[in-house]
Amino acid sequence: MAGLVTTFGSGAMTNSIEEIDNAGTIMVIGANVTVAHPVISHRIRRAAQNGATLIVINPKEIDLVRAADHFIQPASGSDTVLLMGMARYIVDNDLHDKEFIAEYTEDFEDFRKSLELFTPEFVEKIAGVPWDQIARVAHIYATGKPSSIYYAMGIAQHSHGTDNVMAIANLAMLTGSVGKLSTGVNPLRGQNNVQGACDLGGLPNVYPGSQMVNDVVIQEKFEKAWGGELSGELGLTHTEIFDEILSGTIKSLYLVGENPVLTEANSKHARKALEEIDFLVSQDIFLSESGKYADVILPAATFAEKDGTFTNTERRVQRVRQVIPPRGDSKPDWWITSQIAQAMGKNGFEYQDSSEIMDEINSVTPIYAGITYQRIEKTGLQWPCLDENDPGTKFLHKDGFARGKGRFVPLEFTASTETTDEKFPLILTTDRSLYHFHSGTMTRRVGGLEKLDGEEFVKINPIDAKEFGIEDGNWVEVSSQRGTVKVRAKLTDICRPGMCSMTFHFFESPTNEITNPTLDPVAKTPETKVTAVNIIKCK
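What counts and how
Residues numbered from 1 in each chain as written. Predicted model: local features only at pLDDT ≥ 70, side-chain atom pairs only at ≥ 80, totals over all residues. Heavy atoms only, no water. Phe/Tyr/Trp six-rings, centres within 6.5 Å; stacked < 30°, edge-to-face > 60°. Buried < 20%, exposed > 50% of the residue type's maximum accessible area, 1.4 Å probe, protein only. Pairing = 2+ DSSP bridges. Helix = DSSP H or I, 4+ residues; strand = E, 2+ residues; numbered from the N terminus. Domains from an automatic or database assignment. Contact = heavy atoms within 4.5 Å. Buried area = accessible area lost by both parts, 1.4 Å probe. Salt bridge = Lys/Arg side-chain N within 4 Å of Asp/Glu carboxyl O. Patch = residues over 30% accessible without salt bridge, like charges linked within 9 Å, V, L, I, M, F, W, Y side chains within 5 Å. Areas by Shrake-Rupley, 256 points an atom, 1.4 Å probe, with all protein chains shown as cover.

A. The packing of aromatic side chains, seen in detail. On inspection of all chains with the given rule, the structure shows 10 aromatic pairs. Consider the rings of F118 and F122, whose centres lie 6.1 Å apart with planes at 65°: the pair is edge-to-face. On the numbers, 6.5 Å between centres and 80° between planes, the contact of F349 with Y351 is edge-to-face. The class of F349 is partly exposed, set by a relative accessible area of 29%. Here Y351 falls in the buried class, since its relative accessible area comes to 18%.

What follows is the structure in structure tokens.
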């Protein structure tokens, strides 16, 4: 499975958005696509209307459930158990794709043995879902081909998020639902160019094109291309950086389009780091909550004020063109960074325009080698695109996996790090709003969007609200072991009893001050989807 995990470890969909139209079964797990990915949500709804079987698995009764044929509402943090339970049903009922497994995978017998733990009784107990519901959707996924899986942060933002992703990959390989049209493992990116940022080295362990930093051959290649000495050590992840600031190891920080004061789990920790750091630079299109701590503010141009490319969630690289001049003193990000590098005496940053940067990307990034400005003038191309005669890649793994064979990974149950007790009797999960974009740095400045959604609420099941003496619209305090935020309550059945939900767009009610910062040991992603909290009505 390593070849498969490498692909979507950086968030890339194995298949294309248009392939949704011809899927036989679509399983959406841990993704509120209606609010976070509305275009893809529309496509999924249309496919369901045209005959595809839609399975939705989510702790919340999200809007997409209205279009679903089957809805499973498991306990927060039980995804691995649920998915492995599905795998057990498929194997026990001889529904697995034996030919695909024999030709394209390895370690299946070890995986089969690991399924013994996931008995119907155990899965029911952990997931809080009747076994017959799990068996039904497992049968449909295995037989209603072509079958595809779509997921997002509801899978990744756990202390065992890597296991969740592995379980999805196991399920796809088990049924031969990868490397074919309208199948695959499809993580949905939450922002327009997150995929592009990761593709081009915006991660601590890779150079552009997912080329490993600690590979000596790759290191030498980039040293030659860039004319300098490079470190072979892996860098720090986003979350680890703030720990190192507070320990005194990191003395300066350069933030580009990032607002950790609102978006970082246990954000008071990030705020303290920004308060204590020796030197902070914030480069953004507006002054964010984090930028207020900066020693230097660098005004960046918006998407409409610069040329470049965006790479979307289906690996499609598309042109971005300047339509208006930059406002005030703002400049394109690449120009600002290049000026800083030149001022520091570094060579190789003498770009005249963004096309020269794309030329360099073509020369050092094999999966982007054939994606030139000329070729994407009208229509984008999907990587990998290895040369200028390559039409791009609609779906991945057609002829097998990058490592040779996909590897099944045996998994065990790992509980979330926070559970309910008398002091914190509810589980808080985080979500997004259709009307706001991540930290709200842009969208909360739009009056029309503020009218549609201008205030944070904690969404709570009426059963829990009655127990806590809370009525709809009451001001309440939501507390975890890290602190308290004050919001109004919204009573709703979309949350199952025992859980509540908040977004994180509003600085007036900074949800992430109380979220769980425990990291997945592999991906280093915080467990913001499972935070033990209490809700008390304000006096």
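Having put the structure on the table, let's press on.
B. Examining the sheet that holds strand 12 (residues 308-311) more closely. The sheet built from three strands is open, its strands ordered 12-13-14 with antiparallel pairing. Edge strands, defined here as strands with exactly one partner in the open sheet, are strand 12 and strand 14 (381-382). As paired strands, strand 12 and strand 13 (residues 316-320) are joined by four bridges and run antiparallel to one another. Considered in strand 13, the bridge of T311 is made with V317.

C. Layout of the domain arrangement of the chain. Once the domains are mapped, the chain shows domain 1 (2-188), domain 2 (194-382) and domain 3 (426-537). Here domain 1 and domain 2 have C-alpha centroids that lie 33 Å from each other. At the junction of the two partners, domain 1 supplies 12 residues and domain 2 supplies eight residues. With both sides pooled, the region where domain 1 packs onto domain 2 buries about 720 Å², and carbon together with sulfur makes up 44% of that total.

D. Region of the structure containing the pattern of salt bridges. Tallying each qualifying case throughout the model produces 23 salt bridges. Between K145 and D97 there is a salt bridge whose closest N-O contact spans 3.8 Å. Note that K145 is positioned in the loop between helix 8 (131-143) and strand 5 (147-151) and D97 in the loop between helix 4 (79-92) and helix 5 (98-104), a separation of 48 residues in sequence. Between R444 and E450 there is a salt bridge, with the nearest N and O atoms lying 2.9 Å from each other. With a relative accessible area of 14%, R444 lands in the buried category. Members of the salt-bridge network, linked through shared partners, are D21, R43 and R46.

E. Main features of a nonpolar patch on the surface. Taken together, the side chains of Y254, V256, I340 and M344 define a hydrophobic patch exposed on the protein surface, amounting to about 360 Å² of accessible area. Relative to the helices and strands, I340 is located in helix 16 (residues 333-343). Of the residues examined, I340 reaches a relative accessible area of 31% and is grouped as partly exposed.

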